[in-house]
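Structural features, examined
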Amino acid sequence: MIQQIVKSVVLAGGRGSRLGPLTDRCTKPAVYFGGKYRIIDFVLSNCINSGFRNILVFTQYKSQSLQRHIYQGWGMFQSNFRELIEVIPAQQQLGKVWYRGTADAVYQNLEEIKKQSPRYVLILAGDHIYKMNYSDLVRDHIERRAEVTIAGIEVKKFQATAFGVMEVNEMQRVVGFKEKPETPQLISGQEVALVSMGIYLFNMEVLEEWLLRDAENSASSHDFGKDLLPSLIREAGVFVHKFQDPNSKVIKYWRDVGTVDTYFDTSMDLINRVPQLNLYDPDWPIWAAPMQVPPAKFVFNDPYYMGIAGDSIITDGCVIDGGRVRHSILCSGTRIHNCAELEEVICLPGVNIGRYCRLKRVILDENTRVLEGTVIGEDPKEDGRWFYVTDHHVVVVNQETLDRRSEYLQERTITSLKQAG
């Protein structure tokens, strides 16, 4: 079986700085998504559903919550059957140097990768939302006798500037590769470009050879997209595997939730009656850590204090205690008190929202306590004074910013009382 000769490597060390406060305490792959998942659950689920159960996860930036999540939620492997999922933090293998780029992260861990003598190495980004059967990619690679295969997807011209853009010939061989070009190479006759998904399949010996070359190149930034791939296509057999969703021939769903706006929009799509990403598909399940918490509860059957939620995802452990929730996502442990109103709100775990609060287009970080009567999302100017606000007017709120705002309002109230007295 092809699964037994492939080792999967998940790169999960990036901060994801464009996610603002959401990655102040954890790496991007550990950020919650869709109520009960972490972003990394999607790539790990793809591995499991594809039959690939020999997985290394390389971490670096603030990785503790990610490591805990994998140990607690992904313990279904049997090492005696060559199955494993192992988290390997950055260890300065080459002296006082952390990972200098994606290629360097793999280079510093070559000895771990070579254990069990894999024939192929599948390199995956741990921070994208999608479903993909990696077995199809491996079969493509073997049939073409490729040395490297890159998973590619077509995106619109204006989006392509954020990715590595490929040019291919009629045999699907990659003949050109530019990382984040200002003027992307378009597919002939179309307003779309073929871009890299950050998914690479290498023959083991080819990977080792080129990583050694790159490590010796002092001018390199040691990144797959910027350095290795442009050089590889001139000397090696590099092909593209065009992305196919395992459950759809129409919708090819893949999202890089690299900014707060894309994270918010991708999350809100899940609430639609027929979302583009189907989380309820038994043929391609997305796995997550089990939560030992009570079921969700809606309190008060009273016309003035009724706890209700519409067009929303409510996770186990939530209590809606007389509040009203619309088009929102509540992670485990969220508590909404009476007369609070939420619209287009994402609550990460442990959020507590007081009475008479009004929140719109807000993301609340973990364990945030919103005091009674707080209003966020109605006055862009006021929100911008205290919180992280995106170009599309999504407000990210954490406890630190709420506390600063509360202290200011208290001081202003005290000053007003003194002046009045």
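Look up: the structure comes first, before these words.
So, a few notes on the structure that sits alongside this text. (Residues numbered from 1 in each chain as written. Predicted model: local features only at pLDDT ≥ 70, side-chain atom pairs only at ≥ 80, totals over all residues. Heavy atoms only, no water.)

This part is about the pattern of salt bridges. Using the criterion set out here, one finds 18 salt bridges in the structure. When the shortest N-O distance is used, the salt bridge between Lys115 and Glu112 registers 3.3 Å. Of the residues examined, Lys115 reaches a relative accessible area of 47% and is grouped as partly exposed. A relative accessible area of 22% places Glu112 in the partly exposed class. With a closest N to O distance of 3.6 Å, Arg361 and Glu344 form a salt bridge. Pair noted here: Arg361 is in strand 23 (residues 358-364) and Glu344 is in strand 21 (residues 341-347), with a separation of 17 residues, a long-range link. Put simply, Lys28, Asp127 and Asp256 are held in one network by salt bridges that share partners. (Salt bridge = Lys/Arg side-chain N within 4 Å of Asp/Glu carboxyl O. Buried < 20%, exposed > 50% of the residue type's maximum accessible area, 1.4 Å probe, protein only. Helix = DSSP H or I, 4+ residues; strand = E, 2+ residues; numbered from the N terminus.)

Attention now goes to the layout of surface pockets. By volume, the second largest pocket is sized at about 290 Å³. Contributing to the lining of the second largest pocket are 15 residues, with Tyr32, Arg38, His69, Ala289 and Met291 lying nearest its centre. Looking at which element gives the most residues to the lining of the second largest pocket, the answer is helix 2 (residues 64-73), with 4 residues. Residues that form the lining of the second largest pocket fall into these classes: 6 nonpolar, 6 polar and 3 charged. (1 Å grid on protein atoms, 1.4 Å probe; cavity = no way out; pocket = protein on both sides within 12 Å on 5 of 7 lines; lining within 4 Å. Points joined across faces, edges and corners; volume = space filled by probe spheres on them. Nonpolar A, V, L, I, M, F, W, Y, C, P; charged D, E, K, R; others polar.)

Its identity as a non-glycine residue notwithstanding, Phe300 has a phi of 85°, on the positive side. The residue Tyr356 is not glycine, and still its phi comes out positive at about 60°. Following the sequence through the fold, Tyr356 ends up in the loop between strand 22 (352-353) and strand 23. Tyr356 gets classed as partly exposed once you look at its relative accessible area, which sits at 40%.

By size, the foremost hydrophobic cluster in this structure holds 68 residues, and its most contacted members are Leu44, Val57, Tyr130, Tyr134, Ile199 and Tyr263. Considering each element in turn, this core owes the most residues, 6 residues, to helix 1 (residues 40-50). By size, the runner-up hydrophobic cluster in this structure holds 35 residues, among which are Leu56, Ala90, Val121 and Val148. (Core = buried A, V, L, I, M, F, W, Y, C linked by side-chain atoms within 4.5 Å.)

Turning next to a nonpolar patch on the surface. Together, Phe300, Tyr304, Tyr305 and Tyr356 make up an exposed nonpolar region whose accessible area comes to about 480 Å². Tracing the sequence through the fold places Tyr304 in the loop between strand 14 (297-299) and strand 15 (308-310). (Patch = residues over 30% accessible without salt bridge, like charges linked within 9 Å, V, L, I, M, F, W, Y side chains within 5 Å. Areas by Shrake-Rupley, 256 points an atom, 1.4 Å probe, with all protein chains shown as cover.)

This part is about helix 7 (residues 204-215). In this model, helix 7 (12 residues) spans 17 Å end to end at C-alpha, consistent with the 16 Å of a helix rising 1.5 Å per residue. The inward-facing, buried residues of helix 7 abut helix 3 (102-107), helix 4 (110-114), strand 6 (120-125), strand 8 (148-156), strand 11 (192-203) and helix 8 (224-235). (Expected span 1.5 Å × (residues − 1). Contact = heavy atoms within 4.5 Å.)

What follows concerns a negative patch on the surface. On the surface, Glu400, Asp403, Glu407 and Glu411 cluster together into a negatively charged patch. Mapped onto the secondary structure, Glu411 falls in helix 11 (residues 399-420). (Lys, Arg positive; Asp, Glu negative; His and termini not counted. Charge placed at Lys NZ, Arg CZ, Asp CG, Glu CD.)

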